[in-house]
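# Working through the structure, step by step
If you want the building blocks of each chain, they are given just below.
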Amino acid sequence: MTVEQQARGRANGAAGAARRRSRKDEILEIAVGLFASRGYHGVSMDDIGAAAGVTGPALYHHFAGKEAMLVAALIPVSEELLAGGQQRSAGHPDDPRGALESLIDFHVDFALANPAVIALHLHELDRLPDEPRRRIRRLQRLYVEQWVTVLTALHPGMPDGEARVLAHAAFGLMNSTPFLGGEVDRRRRAELLRAATQAALLAHPGS
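Note that the structure is a prediction, hence the values are computed from the model and not measured. (Residues numbered from 1 in each chain as written. Predicted model: local features only at pLDDT ≥ 70, side-chain atom pairs only at ≥ 80, totals over all residues. Heavy atoms only, no water.)

### Here we look at the side chain of Ser 176
With respect to the element layout, Ser 176 can be found in the loop between helix H9 (160–174) and helix H10 (186–202). By relative accessible area, Ser 176 is classed as buried at 19%. Among the polar contacts listed, one links the side chain of Ser 176 to the backbone oxygen of Leu 173, at a separation of 2.7 Å. (Helix = DSSP H or I, 4+ residues; strand = E, 2+ residues; numbered from the N terminus. Buried < 20%, exposed > 50% of the residue type's maximum accessible area, 1.4 Å probe, protein only. Polar contact = N/O pair within 3.5 Å; in protein donor to acceptor, adjacent residues only side chain to side chain.)

Written out as structure tokens, the structure is:
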């Protein structure tokens, strides 16, 4: 199943479940799936409207254009990642291993739930204007520093720069979800991603 189909399925499911989510949220989720599967320039507002079942005027009532959709998709996710990372780290103030395992659980769950958003981060972030792009980059850096703080506490003497290398390597593992097929069920994928990330970060690399 493609990330576009996943996004449509989640949006359709939500539409039939007591309207807990707004129509704007449903349209945004569909747009994210289309951007992730076809590329930002491969999708028009008409494509999004057709997929969401809304006309042009109704679509522009919610979003000024594709760029606004991209901003609406990426900034809140970056804020949520940072807030979640801070919360997980703070929950284990004297236990860096526990903090790291909690961070890994948090990020794996996020990555499995949001493959289309990860694909946008990887491929479409540079489409944004300077201000929102800088804001997202800053949020990302702050999130990385949560991991750096935990890793340097877990491995005394490890330089911050090396901890950042390990953190980004771990993100590469966990953020592989847009490229994973459906031959392995979600629970097992989570187990494999957690185990691989823990193995990469718990061992202190030799100098």
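### Comments concerning the pattern of salt bridges
Applying the stated criterion across every chain yields a total of twelve salt bridges. Residue Arg 23 is joined to Glu 26 by a salt bridge in which the shortest nitrogen-to-oxygen separation is 3.1 Å. Taken as a pair, Arg 23 and Glu 26 lie in helix H2 (residues 23–38) at a separation of three residues, close to a single helical turn. The class of Glu 26 is buried, set by a relative accessible area of 2%. (Salt bridge = Lys/Arg side-chain N within 4 Å of Asp/Glu carboxyl O.)

### Structural notes on the side chain of His 121
Along the polypeptide, His 121 turns up in helix H7 (residues 115–123). Reaching out from His 121, the side chain makes a polar contact with the side chain of Gln 140 at a distance of 3.1 Å.

### Focus on the packing of aromatic side chains
By the definition in use, this model includes four aromatic pairs. An angle of 50° between the planes, with centres 5.3 Å apart, marks the rings of Phe 35 and Tyr 40 as tilted. For Tyr 40, a relative accessible area of 10% gives the class buried. Judged by centre distance (6.2 Å) and plane angle (80°), the ring pair of Tyr 143 and Trp 147 falls under edge-to-face. A residue pair is termed a helical-turn pair when its members lie 3 or 4 positions apart in one helix, as Tyr 143 and Trp 147 do in helix H8 (residues 130–154) at four residues. For Tyr 143, a relative accessible area of 4% translates into the label buried. On the basis of relative accessible area, Trp 147 is assigned to the buried category, the value being 0%. In textbook terms, an aromatic cluster arises when at least three aromatic residues are bridged by ring pairs, as seen for Tyr 143, Trp 147 and Phe 171. (Phe/Tyr/Trp six-rings, centres within 6.5 Å; stacked < 30°, edge-to-face > 60°.)

The quantities given are spatial measurements derived from coordinates; they are silent on function.
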